[in-house]
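Structure at a glance
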Amino acid sequence: MSKNNGAALTLSQVTKRFGDTPVLHGIDLSIAPGSFVAIIGKSGCGKSTLLRVILGLEPASGGSVASDSDAAHARLIFQEPRLLPWASVAANVAVGLGERGDGPDGAAAARQALADVGLTGKADDWPSTLSGGQRQRVALARALVSNPTLLALDEPLGALDALTRIEMQSLLENVWQAQGFTALLVTHDVGEAVALADRVLLIDAGRVTLDQPIYLPRPRRRGDPAFAALEGAILERLLDASVSAGSR
Amino acid sequence: MSDKRNSETLPLAWIMPGALLLLWQASSSLGWLSANILPAPLSVLASAWTLTLDGTLPHNLGVSAARAVAGLLIGGGIGFGLGLLTGLSRISERLLDPTLQMVRNVPHLALIPMVIIWFGIEEEARLFLVALGVFFPIYLNTLHGIRNVDPQLIEMGRVYGMSPRRLFRRVILPGALPSILVGLRYALGIMWLTLIVAETIAAKSGIGHMAMNAREFMRTDIVVLSILIYALLGKLADSATKALERRFLRWNPAYRR
Ligand SMILES: Nc1ncnc2c1ncn2[C@@H]1O[C@H](COP(=O)(O)OP(=O)(O)OP(=O)(O)O)[C@@H](O)[C@H]1O
Ligand SMILES: [Mg+2]
């Protein structure tokens, strides 16, 4: 895997409305190249919308998103693997390469990406024969095969069991360290955010209400008292946000 | 496991038809069953042999098969094309689909008197009926298949930068294929049925014509032979679609064995 520079992002006064419903209210953010940013917040607060606006899949209603890298080098991983059931695992990974995936060097790159996520022997299998965790690894390989500068992940591990989740988290941390892309991870799991991110953003009612840097050394251990203290504090803020939202 | 099941059920499955055939032959040989009602299996076999030798059977078989294939290609081709058009473009759907759905309610065989007035009993009449018959199942299932492609996969294709052409080849067409093949299977059934009717009512050649001709001379053996050949052709067409399904839907656990 070649080491790529991560994309730097600057959001200024980004707003988003669906019809008359405001979802994002003036988000200002500056994201350092190669950093790992986790986004948390209660359901419906606009996390997915924020990711989609950043990736240009939804136009912003106001404000601007600037990136020093072009949109073709950004990749999104969905909550579901979204593999093509009629294509082999290797062909699914090659989807990440676009037209280049049709050639022999595309096939080689796909196999390399599969090896990077620990699925060397599965290249010629059908997706339907894989486990849920393996399918999400294929989706990760598909996103990484084109050496993205920005990787956005929208609750990619939400459907996995606890053990597979932890395995996938360390896999994600490893590929991020190896490739150097900028990672934006939306998650419901505060522990996951603290384990992986340099910075945790809490979104509430369309605004960033907490911007918490995480300085813990890697690899992080969940049993660690500093880890637990941070996780507890962020969880507290998340619950506060939910309560105040509920009483509004 | 499935091999073992096959080897066990296969001989069992053949016992009943075999016994019936024996019973039939015995009743005919013993004179319980008049040849005017039902000919003996052996005399059906014998007439198959003589008609093959004098070229009548191969000729009529070829004529019928050519009609079936031509009608399928014309009607199926148009149905597939229009199905793609309405499936991929909302405007075409709103423009065409309501009309087609309305026309669909007319049983195509009810048009036979009209078709004879238009085309007489020429080749076009049969082609028109077969093409019309196979059109709807292919059209409807193509449209349905495209409409039911997982929208999450389509979104994935867009996010990963697929051009519309590539999206169609890689996502939409393979996603719609199971439904299209179901349509093809229906169409093949309708194809033979239409051909039987069209050939028995208005034709100067073909298996149906051979049967009607034989009826005039009370050759029940040839009538039964024609019926069996239609059954065989139907079975053949069905096996062909099954083979297509196994080839193109290998990825689907339901078709993989
Ligand atoms: N395409 C759309 N049209 C209309 N409203 C939308 C659309 N997409 C999202 N919304 C609304 O925007 C709000 C935020 O949605 P979003 O999907 O961003 O939430 P989320 O934070 O990702 O929630 P979750 O954690 O449940 O995934 C919701 O109220 C939702 O109903
Ligand atoms: Mg979401």
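Residues numbered from 1 in each chain as written. Chains lettered and ligands numbered in written order. Predicted model: local features only at pLDDT ≥ 70, side-chain atom pairs only at ≥ 80, totals over all residues. Heavy atoms only, no water.

**So, the pairing of strand 2 (residues 21-31) of chain A**
All names here are of chain A. Our working definition: Between any two strands, pairing holds if DSSP finds at least two bridges. Secondary structure follows DSSP: runs of H or I at least 4 residues long count as helices, runs of E at least 2 residues long count as strands, and numbering of each begins at the N terminus.
Bridge count between strand 1 (residues 9-18) and strand 2: seven bridges; the pairing is antiparallel. Looking at strand 2, one finds that F18 is bridged to T21. What sits between the antiparallel neighbours strand 1 and strand 2 is a turn of two residues, in which G19 has the positive phi angle 65°.

**Side note on the domain arrangement of chain A**
All names here are of chain A. Defined as follows: Note that domain bounds follow an automatic or database assignment of domains. In this description, contact between two residues means that some pair of their heavy atoms is separated by no more than 4.5 Å. Buried area adds together the accessible area that both of two parts lose upon being put together, with accessible area traced by a 1.4 Å probe. Between Lys or Arg on one side and Asp or Glu on the other, a salt bridge is scored when a side-chain nitrogen of the former is within 4 Å of a carboxyl oxygen of the latter. Under this definition, polar contacts are N or O atom pairs within 3.5 Å; protein pairs additionally need one hydrogen-donor-capable and one acceptor-capable atom, and for neighbouring residues in sequence, both atoms have to be side-chain atoms.
Per the domain assignment, the segments making up chain A are domain 1 (9-69 + 149-247) and domain 2 (84-148). Once you take the C-alpha centre of each, domain 1 and domain 2 turn out to be 26 Å apart. Counting residues at the interface gives 13 residues for domain 1 and eleven residues for domain 2. Around 1000 Å² of area is buried between domain 1 and domain 2 when both sides are counted, 69% of it from carbon and sulfur atoms. Among the residues domain 1 hides against domain 2, the three largest losses belong to M168, L171 and Q179. Together they make up 41% of the total. Across the domain 1-domain 2 interface, the total number found is one salt bridge. In this structure, E167 and R137 form a salt bridge, with 3.3 Å as the shortest nitrogen-oxygen distance. Counting across the domain 1 and domain 2 interface gives two residue pairs in polar contact (both at pLDDT 80 or more). Breaking the side of domain 1 that touches domain 2 down by element, the ones donating at least two residues are strand 6 (150-154) and helix 5 (162-179). Per-element tally for the side of domain 1 that touches domain 2: the top contributor is helix 5, with seven residues.

**A short note on the interface of chain A and chain B**
So the rule is basically this: Amino acid classes used here: Ala, Val, Leu, Ile, Met, Phe, Trp, Tyr, Cys and Pro are nonpolar; Asp, Glu, Lys and Arg are charged; the rest, including Gly, are polar.
In this assembly, 22 residues from chain A lie in contact with 17 residues from chain B. At the junction of chain A and chain B, the tally comes to five salt bridges. For A:R82, the salt bridge is made with B:E155, and the minimal N-O distance between the two is 2.5 Å. Counting every contact that joins chain A to chain B gives eight residue pairs in polar contact (both at pLDDT 80 or more). Within the residue set of the side of chain A that touches chain B, elements represented by two or more residues are strand 5 (74-77) and helix 4 (132-144) of chain A. Of the residues forming the side of chain A that touches chain B, the biggest block, three residues, is contributed by helix 4 of chain A. Looking at the side of chain A that touches chain B residue by residue, the class counts come to eleven nonpolar, four polar and seven charged.

**Re the pattern of salt bridges**
Note on pairing: side chains with opposite charge can pair once their charged atoms come close. Overall, the coordinates contain 26 salt bridges over all chains when judged by the stated rule. A salt bridge links A:D105 to A:R100, with the shortest nitrogen-to-oxygen separation between them at 3.9 Å. A salt bridge links B:R126 to B:E123; the shortest N-O distance between them is 3.1 Å. Linking B:R126 with B:E123, this pair stays in helix 6 (residues 123-147), spanning three residues, or about one helical turn. Taken together, the shared-partner salt bridges connect A:K16, A:R52, A:E58, A:E80, A:R82 and B:E155 into one network.

**Looking at the site of ligand 1**
Residue and element names in this part refer to chain A. For clarity, the threshold we go by: Being near a molecule or strand, for a residue, comes down to having at least one heavy atom within 4 Å of it. Reported accessibility uses the Shrake-Rupley method at a 1.4 Å probe radius. Residues are deemed covered only where the shown protein chains occlude them.
Taken together, F18, V23, S43, G44, C45, G46, K47, S48, T49, E155 and H188 are the residues near ligand 1. With respect to ligand 1, the backbone of C45 contributes an N or O atom lying 3.3 Å from an oxygen atom. One nitrogen or oxygen atom from the main chain of G46 is found 3.0 Å from an oxygen atom belonging to ligand 1. In the complex, 56% of the free accessible area of ligand 1, which totals 630 Å², lies under the protein chains. Among the elements that take part in the shell around ligand 1, helix 1 (residues 47-54) stands out by supplying three residues, more than any other.

**As for a nonpolar patch on the surface**
Our working definition: Within this analysis, patches are made of residues with over 30% relative accessible area and no salt bridge. Like charges are joined at 9 Å or less; nonpolar side chains (Val, Leu, Ile, Met, Phe, Trp, Tyr) at 5 Å or less.
A cluster of nonpolar residues, B:M114, B:I117 and B:W118, forms a patch on the protein surface that exposes about 350 Å² of accessible area. Examined against the element boundaries, B:M114 turns out to sit in helix 5 (residues 112-119).

**Considerations on the nonpolar core**
Where a protein is soluble and globular, its nonpolar side chains tend to be buried together. In plain terms, the rule: What is meant by a nonpolar core is a set of buried Ala, Val, Leu, Ile, Met, Phe, Trp, Tyr and Cys residues, joined one to another through side-chain atoms within 4.5 Å. The buried label goes to any residue with under 20% of its type's maximum accessible area, the exposed label to any with over 50%, and the partly exposed label to all in between, with areas taken from a 1.4 Å probe on protein chains only.
In terms of nonpolar packing, the biggest core is built from 124 residues, with A:I234 and B:V171 touching the most fellow members. Here this core takes twelve residues from helix 8 (residues 164-201) of chain B, the largest share from any one element. With sequence-adjacent residues up to four places away left out, B:V171 is seen in contact with A:L84, A:W86, B:V149, B:L153, B:I154, B:M162 and B:R166. Of all hydrophobic cores here, the second largest spans six residues; its members include B:L100, B:F135, B:L140 and B:L143.

**Thoughts on the packing of helix 9 (residues 207-216) of chain B against helix 10 (residues 220-248) of chain B**
All names here are of chain B. Rules: Orientation is described by lines fitted to C-alpha atoms, with helices fitted over the stretch in contact, and by angles between N-to-C directions that extend from 0 to 180 degrees. By the definition adopted for this analysis, an angle is roughly parallel if under 35 degrees, roughly antiparallel if over 145, roughly perpendicular if from 65 to 115, and oblique otherwise. Handedness of a helix crossing follows the sense of rotation of the near helix relative to the far helix, less than a right angle counterclockwise being left-handed and clockwise being right-handed.
Two elements in contact, helix 9 and helix 10, have axes separated by 8 Å at closest approach and are oriented at 160°. By the angle between their axes, helix 9 is roughly antiparallel relative to helix 10. Here helix 9 runs over helix 10; the crossing is left-handed. In this structure, helix 9 contributes I207, G208, M210, A211, A214 and R215 to the contact, and helix 10 contributes I222, V223, L225, S226, I229 and Y230. Counted by class, the contact of helix 9 with helix 10 contains nine nonpolar, two polar and one charged residues.

**So, the packing of aromatic side chains**
How we decide: Note on aromatic pairs: the rings of Phe, Tyr and Trp (six-membered ring only in Trp) are paired at centre separations within 6.5 Å, and the planes decide the class, stacked below 30 degrees, edge-to-face beyond 60, tilted for the rest. Lysine NZ or arginine CZ positioned within 6 Å of the ring centre and within 35 degrees of the ring normal marks a charge as sitting over the ring.
In the structure shown here, the tally under the stated rule is seven aromatic pairs over all chains. Relative to A:W176, the ring of A:F36 lies with its centre 5.2 Å away and its plane at 80°, an arrangement referred to as edge-to-face. Here A:F36 is found in strand 3 (residues 36-40), whereas its partner A:W176 is found in helix 5, with 140 residues between them in sequence. Ring plane angle 75° and centroid distance 5.4 Å describe the contact between A:W86 and B:W251, whose orientation is recorded as edge-to-face. With A:W86 in the loop between strand 5 and helix 2 (89-94) and B:W251 in the segment after helix 10, this residue pair bridges two chains. The class for A:W86 is buried, based on a relative accessible area of 15%. Taken together through their ring pairs, the aromatic side chains of B:W118, B:F119 and B:F128 make up a single cluster. It is B:R247 that lies over the ring of B:F248; its NZ or CZ is 4.9 Å from the centre.

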